[in-house]
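# Observations on the model geometry
In case you want the letters, here they are:
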Amino acid sequence: MKKKNIQIVITVLLVVFASTLWTSSAIAIHHKVKSGETLSGIAKKYDVPMESIAKANNLKSVDHIQIGKKLIIPGEAKTLNAGGAADGTWHVVKDKDTLYSIARKYNIKDWKDLQKINNISNPKHLKIGQEIFIPGDESVGFENPLRISLVVTSHYGYRNHPVTRHYRLHEGIDFRARTGTRVYASKTGTVTYAARKGGYGKTVSIQHEDDFSTSYGHLSRIYVSVGDFVRQGQVIGLSGNTGISTGPHLHFEIRHKGKSENPARHLDLP
Ligand SMILES: [Zn+2]
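Residues numbered from 1 in each chain as written. Predicted model: local features only at pLDDT ≥ 70, side-chain atom pairs only at ≥ 80, totals over all residues.

## Focus on the overall build of the protein chain
Our working definition: Segments assigned H or I by DSSP are reported as helices when at least four residues long, segments assigned E as strands when at least two residues long, and all are numbered from the N terminus. Whether a residue is buried, exposed or partly exposed follows from its count of other C-beta atoms within 10 Å of its own C-beta, namely 20 or more, 12 or fewer, or something in between, respectively; the C-beta atoms are built from the backbone.
Per the secondary structure count, the protein chain includes 5 helices and 16 strands. Within the protein chain, buried positions represent 28% of all 270 residues.

The structure is reproduced here in structure tokens:
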């Protein structure tokens, strides 16, 4: 090959490479802070200014970052995301989507957060097919699904069912709750069930990250539908006494990979 041809090939390759970098630059990922890491080190790793990371995460101090904290890395190439470090989901922009409508769909209070996280300079110019990062839940824990002081009326474990008298595993905890008490998503996730379910009456189930799911039984009202993305603390329905039940209460389950776990392990109970 002639010298000139080689130069052309190199130029073309450089242009292709640069445009790949440019198109993927409008995407953010999450980085989980590990022991011994500093903000400047993380900034160096992703080749992003330290100030941008501090700003995107509302960090008050750049000297103290908590181990385990999930930092948003603004404007980072999605390819680095292959390790599954991201805690959230992606939305592909469709016709007529706006940052406002996307924020509403995912229950994000302020659409400007999406702008900031995704490093979008002009929110009026979203491209169809563009991917928008929707941040997940910053907290790792499950929250009180009733947001009132919890009173346990039946624990997790084997028992004689109060109505059927059958001896079997009670796969959740029952909390006292007057009919009409608001029921909140214990953790951010996607609704996988929202209908009557035999003895559990009107039930909502939510799929969370890391193969966890929660279920809420005996509801009087359901406010969500299958496929809805719900945030931790969002009202999903009202408690009640539907299904096989001896009185108004909330039946609450936490499952991991489909197997029930004692919610007492995940919640602060009295
Ligand atoms: Zn129960």
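## Things to note about the nonpolar core
Rule in force here: We call a set of buried Ala, Val, Leu, Ile, Met, Phe, Trp, Tyr and Cys residues a nonpolar core when their C-beta atoms link them within 7 Å. In this description, a residue-residue contact is defined by the distance between C-beta atoms placed from the backbone, which must lie within 7 Å.
F175, V183, V204, Y216, I236 and L250 are the most contacted members of the largest nonpolar core, which totals 18 residues. Contributing elements (two or more residues each) for this core: β8 (173-176), β11 (202-207), β12 (212-222), β13 (229-230) and β15 (249-256). A total of 3 residues in this core trace back to one element, the largest contributor, which is β12. With residues near it in sequence (within four places) discarded, F175 still touches L146, L150, V151, V152, T153, H249, L250 and F252. Within the second largest apolar cluster, 13 residues are counted, among which are L71, I132, F133 and I134.

## Quick look at unusual backbone geometry
For K96, which is not glycine, the phi torsion reads 75° and is therefore positive. With respect to the element layout, K96 can be found in the loop between β3 (88-92) and α4 (99-105). Positive phi is not limited to glycine here, since R147 has a value of about 55°. Locating R147 in the fold gives a position in the loop between β4 (131-135) and β5 (152-154).

## A closer look at the environment of R176
Tracing the chain through its elements places R176 in strand β8. When the C-alpha positions of R176 and G247 are compared, they lie 8.8 Å apart, and in sequence the two are 71 residues distant. Once residues lying within four places of it in the same chain are set aside, the contact partners of R176 are V151, T153 and H249.

## So, the confidence of the model for the protein chain
This is how the line gets drawn: For every residue, the predictor states its confidence as a pLDDT score lying anywhere from 0 to 100.
Residues of the protein chain with pLDDT of at least 70 account for 84%, and the chain-wide mean is 83. Counted against residues more than four places away or in other chains, residues 19-27, with its pLDDT under 50, gives 16 contacts.

## Considerations on the environment of V33
Of note, V33 is situated in the loop between β1 (29-32) and α2 (39-46). C-beta crowding within 10 Å serves as the criterion here: with 16 such atoms nearby, V33 is assigned to the partly exposed category. Remark: the alpha-carbon pair of V33 and I65, spanning 32 residues in sequence, is separated by 7.6 Å. If we skip the residues at most four places from it in the chain, V33 touches I65, Q66, I67, G68, K69 and L71.

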